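Listed here are the chains, written in short residue letters.
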Amino acid sequence: MLTQQPTVQYPLQLCLILACLGVLSNPSTAQHPDQPESTNSIDSAEQEGQLLSGTRQLTFEGRRAGEGYFSQDGSKMVFQSERDTKNPFFQIYLLDFETGDVDRVSPGHGKTTCGWIHPSGKEVLFASTHEDDKAVAKQQEELEFRESGKERRYSWDYDENYDLFSYDTDSQEYTNLTSTKGYDAEASWSPDGQHIVFASNRNAYQQDLTPTQRERFKMDPASMIDLYLMNADGSNVQQLTNVEGYDGGPFFSHDGKRICWRRFSPDGATAEIMSMNTDGGDVRTLTRLGAMSWAPYYHPSGQYLIFATNVHGFGNFELYLVDSEGKREPTRVTYTDGFDGLPVFTPDGKQLAWTTNRTRGKQSQIFLSDWDHDAALARLGLSRNDSPGTDVSVAADAAADSSRITTATCNPEDILRHVGYLCRPELNGRRTGTRGELLATAYVAAYMDQLDLRPAGDDDGWFQCFEFASGVALGKDNQLKAGDLSYQLEKDWTPLGFSKVGPVNKAPVVFAGYGIVAPSDDGQAEYDSFVHLDVKDKWIMVFRFMPEDISPERRQHLASHSSLRFKAMTARERGARGLIVVSGPTSGVKNQLASFRFDGSLAGSGLPVISVSDQVADSWLKSTGKSLKDLQTKLDSGDPQMGFEVEGVQVTANIDIEQIEHQGRNVLGRLQVGEQPSKQIVIVGAHIDHLGSGPSSSSLARDDEQQGVHWGADDNASGVAAMLEVAQWLSSLKEANQLPIKRDIIFAAWSGEEEGLIGSSHFAKTFQLPSHDHHAHALAGDPHALAGDPHAGPEAPSLYPTIAACINMDMVGRLDKKLILQGVGSSSVWKGEIERRNAVTGLPITIQNDSFIPTDASTFFIRGVPILSAFTGSHEDYHTPRDTPDKLNYDGNAQIAKFMGLVTRSIASRDDAPDYVSQERPKETRANLRAYLGTIPDYAESDVKGLQISGVAKKGPAALAGLKGGDVIVELAGRKIENIYDYTYAIEALKIGQPTKIVVQRKGKRLKLEVTPGSRN
């Protein structure tokens, strides 16, 4: 979208757009555009006539007008125009197509841009600077400059005083929707009127910029503009994009499911058309013209978009079409030299309006034409039967193609086809709850449908849906005050994701050191930050972590008591009003504020918890004559210090946090033995989801690949492909009457694994026999209910559909040295099964008894089900965009599928179900590790004493210390290392930035190295 008054210099391409609109023309020589000018030639008119007819000029008045958008019923248009002699800047006007009346809806002073009409037709949304106290003075200054006859060197204006307003056409009242410093504009309502998408560079005013960023932002305020989504009332603002360069001009598709926009390159020289889901996922680049392509808008059919581009010449902008998937070459619409841009369809898709300078005076005005939708479809090679909704059918077609080509036996070519589809760009990393997951699960369901499987999901369908909390978002009403001072959200302070929400009445502040209470244990003395300190009904201010200069043993003793949730619980139990967390100058953190993020739990702390910057905390401490640095330095010795009240400081707050929820789905197919479902089943599963695109809490992407797609070829397209191969092989055996099994087999593609085993857990809690079986009951999570009596046999009467065993495949695509089989200790039958079935395949196998493993199989083990999980080991590409299909061992992947298929066949055929052997849960690894070494464990070497690593992260502390793949870590910081648990516990004792000794075994030699831990925070 466009605005008008320039204040800073911009890339030439941006200035060019303004020039074409007439914004850069000399005011003293501009002509009044009283009639349209014909196209350049008969040829151009004929070419435009292929799609456009009955072209006419819609607006005439004023120096210029443009950017017009229709109401949802087509009865009105909102547009911007410079037609007020007292204001040289655009104002917003509403045109009524029933009466022809044109009314100004903006206040009349200040700059305005980007109007939009609410679906109800009763409100108008626009951006304005009218609340800027210098707005009128700026108008007068511009008027006087124009009257002088001089010509200003114009460029784009991103006035930091732009805010979003809605105007009620009945009450004629304005409502301010944004008040954050920065450019908030380019906004539109969703089709249901519940959300607003807009562009903003507010982050540049809220965060500390590097010198380079400051200089770039000074020269180019657009360089930090990103897209945001919020509720229609301005609450729950969520950032959708976060890349270098300018993301702007967003619009919803007519079904409200997607957003289109244009993305400038970092240097502002080119722009491409983009689209994404409304949650920011499934980002697609629709054009790759290498030109200035911008102002996209969806046709109501959703089949294609129209946009403007200068691909035919630097100063010539023409309208083009591109299909909504970006799979076809864009096709040209207009052929008139000059500027054609800002196109928009009427709601019925039968007309097109756009802004053009094809007027006699070469000033921009709005034109209107009849639109030939069928001709547009023909140009793009589409038909009316093609729509965005058919992309699920495209997945089905792909599955059907695969089933026709693949063979009944497990072979590498079949694996390649499945992995290839699951790693397609349009699946965008298959994150749970996104369009990518929808397409991936559609493919698997369609493929199962080609086999002799029966749907085993909800309501006898292929899918089992589940709701899950995917995150938290800051609401609109977050406030923090100390006396008369107000603090800026996300710069001075932030609430934590598990904080209690709502208002917090004024209360004094007490300082309580590190806020730790740890009883004496294992020779370690008690630590209590609250001795003789009255904290009831007061804010408690504490340091974020634990004392820095303490022994490793002391650090481990305090670790479990120093998490922020534990500190919040401790403060709540003492009657505190709230908890204030400050990092402190000795903590060595990258960001002073603790991250506002979802920690995987919906459980709150029952207490307001906020993080403040060191500067804020220091300003509060001034009244005591103490400084944050002095206090932390004393406390870092490990000796508790007496807490105290911070005199003269009274803090009030309002905490507004909203939970973000999405829906995911498993795919479930049943290979059924007889006419009725069997009373026992075997599960063969693999998780289908991955991390999607862009940064996430689980991503291990390097800084230079943060915005990339996490393809998840090994993790876990390889496992899903193997699971489908097993299903196809066993299904073919059944069809040939060569499968003497006694138990049904459920083939499952789990989603939500990367979010915390959500999909498999939902299945385990809710799985039922089909509704026609009157014995079916939902599982309640009781291990015995889920597993059943292991000695009862498949036909034993039971109120529950019991699960005899769970076979799992997670990351089986990179067979190198060994196949790792986990969960072998969960049943006494596994070693015999492995021996017999591997006699056929001859795989190099390592067995691990541990059944508490970080994959879906553990969901079933903890509920009393024997498990066997296949895994080919971790690698340096794990959870990065480098996990690509070209790195898989397809021959090995196929062999693993064959082996797991043989095991499945055997378990489903046994007279007795496998017995269940319980295990003692290993010592929990700690979740609040701060130190980072960058080592990649090698799980294939289970018989090695120590921790063998398969590699190290590039430029990480371990790499810099000289560690290499194949090294076995046997000692760290003086602590003996025999397994991964010892290693995790040892890392907990490390101090960031302090060199420590690490001992490794390398090719039979013992090497002593020195490593300097980095920070995870």
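Parameters at a glance
Just so you know, the residues in each chain are numbered from 1, in the order the chain's sequence is written. Note on the predicted model: pLDDT of at least 70 is required for a residue's local features to be given, and 80 or more for side-chain atom pairs to be given and counted; whole-chain, interface and lining totals, by contrast, use all residues. The basis for every side-chain value is the complete set of non-hydrogen atoms in the structure, without hydrogens or water. Here a helix means four or more residues in a row that DSSP labels H or I, a strand means two or more in a row labelled E, and each is numbered from the N terminus. Whether two residues touch is decided by their heavy atoms; if any such pair falls within 4.5 Å, the residues are in contact. For accessible areas, the Shrake-Rupley method is used with a probe of radius 1.4 Å. Any residue's cover is judged against the shown protein chains and nothing else. At least two bridges found by DSSP between two strands is the condition for calling them paired. Fitting a line to C-alpha atoms yields each axis, with helices limited to the stretch in contact; the angle taken between N-to-C directions then spans 0 to 180 degrees. As used in this record, nonpolar core signifies buried Ala, Val, Leu, Ile, Met, Phe, Trp, Tyr and Cys residues forming a set joined through side-chain atoms within 4.5 Å. Summary of the burial criterion: residues with accessible area below 20% of their type's maximum are buried, those above 50% are exposed, and those between are partly exposed, where the area comes from a 1.4 Å probe applied to protein chains only. As a per-residue quantity, pLDDT reports the predictor's confidence and falls between 0 and 100. A pair of aromatic rings is counted whenever rings of Phe, Tyr or Trp (Trp by its six-membered ring) have centres within 6.5 Å, and the orientation is called stacked for planes under 30 degrees apart, edge-to-face for over 60 and tilted otherwise. Any Lys NZ or Arg CZ that is within 6 Å of a ring centre and within 35 degrees of that ring's normal is treated as a charge sitting over the ring. Any angle that is under 35 degrees is reported as roughly parallel, and any over 145 degrees as roughly antiparallel; angles of 65 to 115 degrees are reported as roughly perpendicular and all others as oblique. Here a crossing is taken to be left-handed if its near helix is turned anticlockwise relative to the far helix by less than a right angle, and right-handed if that turn runs clockwise. Note on residue categories: nonpolar means Ala, Val, Leu, Ile, Met, Phe, Trp, Tyr, Cys or Pro, charged means Asp, Glu, Lys or Arg, and polar means any other residue, Gly included. Expected span of a helix: the number of residues minus one, times 1.5 Å. Within this analysis, the arc is defined by the directions that extend from the helix axis to the C-beta atoms. Whenever two N or O atoms come within 3.5 Å, that pair is a polar contact, provided that in protein one can donate a hydrogen and the other can accept it, and provided that, for residues adjacent in sequence, both atoms are side-chain atoms.

A. Fine view of the overall build of the protein. Along its length, the protein carries 21 helices and 51 strands. Pairs at least 24 residues apart make up 68% of the contacts formed inside the protein by residues separated by at least 6 positions. Accessible area for the protein stands at about 40200 Å²; split by element, carbon and sulfur atoms hold 47% of it.

B. Representation of the sheet that holds strand E28 (residues 485–486). On the basis of which strands lie adjacent, the open sheet formed by eight strands has the order E28-E27-E36-E30-E33-E34-E35-E29 and mixed pairing. The open sheet has two edge strands with one neighbour each: E28 and strand E29 (493–495). Along the sheet, helix H11 (residues 564–573) makes contact with strand E33 (539–543), strand E34 (578–582) and strand E35 (609–612), crossing E34 at roughly 145°.

C. Molecular detail of the nonpolar core. By size, the foremost hydrophobic cluster in this structure holds 84 residues, and its most contacted members are Leu 164, Ile 196, Ile 306, Leu 321 and Trp 371. The dominant element in this core, judged by the number of residues it contributes, is strand E19 (residues 304–309), at five residues. In contact with Ile 196, other than residues within four places in its own chain, are Leu 125, Leu 164, Leu 177, Ala 187, Ser 188, Trp 189, Tyr 228, Leu 229, Met 230, Asn 231 and Ala 232. Core analysis: the second largest hydrophobic core is formed by 72 residues, Leu 427, Val 720, Leu 843 and Ala 908 among them.

D. Structural detail: the confidence of the model for the protein. Per-chain confidence: the protein averages 85 in pLDDT, with 88% of residues scoring 70 or above. Here residues 1–42 scores under 50 on pLDDT; set against residues more than four positions off or in separate chains, the count is 145 contacts. The low-confidence segment residues 768–785, where pLDDT is below 50, has 45 contacts with residues more than four positions distant or belonging to other chains.

E. Seen up close, the packing of aromatic side chains. Under the counting rule described, the total for this entry stands at 36 aromatic pairs. Between Tyr 158 and Tyr 246, the ring centres sit 5.4 Å apart and the planes meet at 90°, which makes this aromatic pair edge-to-face. Pair noted here: Tyr 158 is in the loop between helix H3 (135–147) and strand E8 (163–168) and Tyr 246 is in the loop between strand E13 (238–239) and strand E14 (247–252), with a separation of 88 residues, a long-range link. A single burial state applies to Tyr 158 and to Tyr 246, both of which are buried. Taken together, the ring pairs in this structure connect Tyr 158, Tyr 162, Tyr 183, Tyr 246 and Phe 264 into an aromatic cluster. Against the face of Phe 89 rests Lys 111, its NZ or CZ located 5.6 Å from the ring centre.

F. Representation of the packing of helix H8 (residues 412–422) against helix H14 (residues 713–735). In the contact formed by H8 and H14, the axes pass within 9 Å of each other and the chain directions differ by 130°. Relative to H14, the element H8 lies oblique. Here H8 and H14 pass one another in a crossing that is right-handed. On the side of H8, the interface is formed by Asp 414, Ile 415, His 418, Val 419 and Leu 422, while H14 contributes Ala 713, Ala 717, Ser 718, Val 720, Ala 721, Ala 722, Leu 724, Glu 725 and Gln 728. Split into classes, the residues belonging to the contact of H8 with H14 amount to nine nonpolar, three polar and two charged.

G. Fine view of helix H17 (residues 830–841). Relative to the 16 Å expected for 12 residues at 1.5 Å per residue, H17 spans 16 Å between its end C-alpha atoms, a close match to the ideal helical length. Looking at H17, one finds that the buried residues are Trp 830, Glu 833, Ile 834, Asn 838 and Thr 841. For H17, the buried positions fall inside an angular range of 110° around the axis, keeping them on one side. In this structure, H17 carries Glu 835, Ala 839 and Val 840 as exposed residues pointing more than 90 degrees from its buried face.

H. Local environment of the side chain of Ser 731. In this fold, Ser 731 is placed in helix H14. A polar side-chain atom of Ser 731 sits 3.0 Å from the main-chain amide nitrogen of Asp 452.

I. Layout of the sheet that holds strand E9 (residues 174–176). Spatial strand order, E6-E7-E8-E9: four strands in an open sheet with antiparallel pairing. What marks the edges here is a single partner per strand, and that holds for strand E6 (112–117) and E9. If you compare each strand with its neighbour and ignore which way they point, the axes differ by 25° on average. As paired elements, E6 and strand E7 (residues 123–128) share four bridges and run antiparallel to each other. Across the sheet, the residue bridging to Trp 116 is Leu 125, located in E7.

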